[in-house]
There are 2 protein chains.
Amino acid sequence: LDQEKMNQAQERLDSLTKPPGSLGKLEEIAVKLAGITGELFPKVDHKAHIVMAADHGVVAEGVSAFPQEVTTQMVYNFLNGGAAVNVLAKQMAAEVTIVDIGVVNELEAENLVIKKVKAGTDNLAQGSAMSRQEARAALEVGIEVGKDLISQGANLIGTGEMGIGNTTASSAILATITDLSLDEIVGYGTGIDEAGLKKKKQVITQSLAVNQPQVDDGIDILAKVGGLEIAGMAGVMLVAAANRVPVIVDGLISGAAALIAKKLKPQVTGYLISSHKSVEPGHIKIYDLLGLKPLLDLDMRLGEGTGAVLSMNLVEAATKIISDMATFEEAQIIIE
Amino acid sequence: LDQEKMNQAQERLDSLTKPPGSLGKLEEIAVKLAGITGELFPKVDHKAHIVMAADHGVVAEGVSAFPQEVTTQMVYNFLNGGAAVNVLAKQMAAEVTIVDIGVVNELEAENLVIKKVKAGTDNLAQGSAMSRQEARAALEVGIEVGKDLISQGANLIGTGEMGIGNTTASSAILATITDLSLDEIVGYGTGIDEAGLKKKKQVITQSLAVNQPQVDDGIDILAKVGGLEIAGMAGVMLVAAANRVPVIVDGLISGAAALIAKKLKPQVTGYLISSHKSVEPGHIKIYDLLGLKPLLDLDMRLGEGTGAVLSMNLVEAATKIISDMATFEEAQIIIE
């Protein structure tokens, strides 16, 4: 991060016609963007949102309210522009890129980026979700997709996902990395009931016992209890940071990806921007671990990166504040 | 509120390609808008933001970090487009209307709506801030300004204000209406220090003792410990509700106006939409009293309606979700 530009940004913000700090997190974002981009007046006029889609073998354990087939059906819904993330991205003028990084079914469509590493993970309750090589390959997919978008000019990237069963994998990642109890971490996902919640916790406990993921080895965690789309999002975050492009963390699953990215490259957190506070209990713990605070409090629990897309507007607002507001001097306002 | 349209909206939301309720407060807004407008697919394509400006005699007590002159200077800053609210409103494509409803100085400008009821309130620590007649006249100004904008097609209205000293008046209103202690209500405003905070609480205590505002009489509260811009915003809320136009509550001061509007017409709360959670401690209590929950958590404390303007984008998102998303049937997604 460019500390000098961050200081300049802070100085400029304090000269604008408002009480110092009164725009709260918008000002923090403006300072962070200066550090990320090395520019005092960065633009976020080319917004790109990436949805990574993959399946999870663990659905065999009955951890989700929806059948696995829904991953495939929702990918086609994304491609047809009918999902929540499409509607919100259109409103924010963000381009959406859909990536098949590991859906069970063979998919075909002109506007789908097909980079399938594996046709869904294996059941993490019975063994490793994937091999180390596959985890690395999935990270690499994220890096490639991110790099492509950045080379096309993307200056703000959102991360989202689709994958029935992926709150289970994400909760297992969080349980591995922290000392939190499963009661503090595990939520209802897309809508399981109490019996389902109990089952989900049992499955996660079992997966940790069976796999013994190594807390200091991000690839090991990813391979044993992670997911292909989680690896892909982590790759996107790493490549965005490496190219000094701000990248937005969405809910629990995108947050789990950020934790993995941080394990692999601790500096990545400086390039992450928060979005909403999810209903999933583990989500706010992830923000704590990343040093982030939520911007939106909308009780959402949909995924797809819907929160990330909604917060693009706030990031843009931060850029306008620092560049377009009048200073006290310009406005001839004399205080004290 | 149109209960039948609200039921239809809920039904439509539950048919869209997402787990029921997973878009949280966006779905609640979509239902509320259906109730307000009587339309399943209301548009918020004509956004109007109103900034009411007025001065406060209580600044003589030293309750603000800024001198009274700043109210006037900031009005000119608004008119020149240099303030935070201008920058954010431009981003949201919202028109801004600036109203002089009670600034001490004589102001002149082509794009300023001049409807001065009184050249600033009297010092509420020494007696009534204004007469009942003046409070009614200020309410009437809000009604007129709101009516004009609605007749020009405004279908979403934001409320904001400028008035050095107005967190003191707003806190006094809140203290009158609730049993909360001043420690729970009073905050640092635009940036006073600890000594200033103590002073501010003393002044509010004194104002309540001197004036004895009647808790069941909204006009009495407004006249004795309120403000002209607070009355104006309450008027805007009343006229918006009467015309079935959604109106957005901003921070502490706009929230105090909403409490007054509710005293005068309890049904008004059905037409109010929340925005951010302010740093001012009393603000979240106001939301509770209005039955609202914040959408944005940005640690802001600027006023001007900056939070209201930022949440216009979320209200618009809610309208797009209900109208533009595919249903499960359209997307041929079969669940269970």
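Refer to the preceding data block for the structure.
Residues numbered from 1 in each chain as written. Chains lettered and ligands numbered in written order. Predicted model: local features only at pLDDT ≥ 70, side-chain atom pairs only at ≥ 80, totals over all residues. Heavy atoms only, no water.

A. Structural view of the overall build of chain A. Each helix and strand in chain A was counted, giving 13 helices and six strands. Its C-alpha atoms put chain A at 70 × 45 × 35 Å along the principal axes. When contacts within chain A are restricted to residue pairs at least 6 apart in sequence, long-range pairs at least 24 apart make up 75% of them. Total accessible area on chain A is roughly 11600 Å²; 47% of this is exposed by carbon and sulfur atoms. Separation between the mean location of the 28 positive side-chain charges and that of the 42 negative ones in chain A comes to 3 Å. (Helix = DSSP H or I, 4+ residues; strand = E, 2+ residues; numbered from the N terminus. Contact = heavy atoms within 4.5 Å. Areas by Shrake-Rupley, 256 points an atom, 1.4 Å probe, with all protein chains shown as cover. Lys, Arg positive; Asp, Glu negative; His and termini not counted. Charge placed at Lys NZ, Arg CZ, Asp CG, Glu CD.)

B. A look at the interface of chain B and chain A. On the side of chain A, 50 residues touch chain B, which itself brings 51 residues to the contact. Roughly 4200 Å² of surface becomes buried between chain B and chain A when both sides are summed, with 64% attributable to carbon and sulfur atoms. In this assembly, chain B and chain A are joined by two salt bridges. Taking the shortest distance from any N to any O, the salt bridge between Lys25 of chain B and Asp297 of chain A comes out at 3.8 Å. Of all elements in the fold, only helix 2 (24–37), helix 3 (69–79), helix 4 (84–91) and helix 13 (306–324) of chain B reach the threshold of two or more residues within the side of chain B that touches chain A. (Buried area = accessible area lost by both parts, 1.4 Å probe. Salt bridge = Lys/Arg side-chain N within 4 Å of Asp/Glu carboxyl O.)

C. Region of interest: the pairing of strand 2 (residues 94–102) of chain B. All names here are of chain B. Judged by how many residues are buried, strand 2 sits mostly within the fold: seven of nine residues are covered. Bridge count for strand 1 (residues 47–54) against strand 2 is eight bridges, and the pairing is parallel. When the bridges of strand 2 are listed, Ala54 appears paired with Gly102. Strand direction decides the pairing type here: strand 2 and strand 3 (residues 112–114), joined by three bridges, are parallel. Each bridged residue has a counterpart across the sheet, and for Ile98 the counterpart in strand 3 is Leu112. (Buried < 20%, exposed > 50% of the residue type's maximum accessible area, 1.4 Å probe, protein only. Pairing = 2+ DSSP bridges.)

D. Representation of the relation of the copies chain B and chain A. Each copy of the sequence occupies a distinct position, and chain B is placed on chain A by a rotation of 180 degrees and an axial shift of 0.0 Å, giving an RMSD of 0.0 Å. One copy is carried onto the other by what is essentially a two-fold rotation axis. Judged by C-alpha distance, Leu296 of chain B is the residue of chain B that lies nearest the rotation axis, at 2.3 Å. Looking at the interface residues of chain B, 98% of them are also at the interface in chain A, so both copies use one shared face. (Least-squares fit on C-alpha atoms with pLDDT ≥ 70 in both.)

E. Region of the structure containing helix 12 (residues 281–290) of chain B. All names here are of chain B. Those residues of helix 12 lying buried are Gly282, His283, Ile286, Tyr287 and Leu290. The arc that holds every buried residue of helix 12, seen down its axis, measures 150 degrees, which confines them to one face. Tucked inside the fold, the buried residues of helix 12 contact helix 6 (166–177), helix 7 (182–185), helix 11 (252–264) and strand 6 (272–273). After helix 12 finishes, the residue Gly291 shows a positive phi value of roughly 70 degrees. (Arc of directions from axis to C-beta.)

F. Layout of the nonpolar core. Ranked by internal contacts, the top residues of the largest apolar core, which has 118 residues, are Leu26, Leu310 and Ile321 of chain A together with Leu310 and Ile321 of chain B. Grouped together as the second largest cluster of nonpolar side chains are 70 residues, Val141, Ile157, Ala169 and Ala241 of chain A included. (Core = buried A, V, L, I, M, F, W, Y, C linked by side-chain atoms within 4.5 Å.)

G. Spatial organisation of the pattern of salt bridges. All names here are of chain A. Tallied over the full model, the rule gives 21 salt bridges over all chains. A salt bridge links Lys115 to Glu144, with the nearest nitrogen and oxygen atoms 2.8 Å apart. Taken as a pair, Lys115 in the loop between strand 3 (112–114) and helix 5 (132–151) and Glu144 in helix 5 lie far apart in primary sequence, 29 residues in all. Judged by its relative accessible area of 26%, Lys115 falls in the partly exposed class. Connected through shared salt-bridge partners, Lys118, Asp122 and Glu134 make up one network.

H. Here's a closer look at the side chain of Thr159 of chain B. Residues and elements named next belong to chain B. On the secondary structure map, Thr159 appears in strand 4 (residues 156–162). A polar contact of 2.7 Å, which involves the side chain of Thr159, links it to the backbone oxygen of Ile248. Those residues in contact with Thr159 that sit more than four places away from it in its chain are His49, Ile50, Met233, Val236, Met237, Val247, Ile248, Val249, Asp250, Ser254, Gly305 and Ala308. (Polar contact = N/O pair within 3.5 Å; in protein donor to acceptor, adjacent residues only side chain to side chain.)

I. Molecular detail of the packing of helix 6 (residues 166–177) of chain A against helix 8 (residues 194–211) of chain A. Residues and elements named next belong to chain A. As a packed pair, helix 6 and helix 8 sit with axes 10 Å apart at the nearest point and diverge in direction by 55 degrees. Judged by the inter-axis angle, helix 6 sits oblique to helix 8. You can see that helix 6 and helix 8 cross each other, and the crossing is right-handed. Every residue of helix 8 that contacts helix 6 at Thr167, Thr168, Ser171, Ala172, Ala175 and Thr176 is listed here: Lys200, Val203, Ile204, Ser207 and Leu208. Looking at the contact of helix 6 with helix 8 residue by residue, the classes come out as five nonpolar, five polar and one charged. (Axes fitted to C-alpha atoms, helices over the stretch in contact; angles between N-to-C directions. Parallel < 35°, antiparallel > 145°, perpendicular 65-115°, else oblique. Left-handed = near helix turned anticlockwise from the far one by under 90°. Nonpolar A, V, L, I, M, F, W, Y, C, P; charged D, E, K, R; others polar.)

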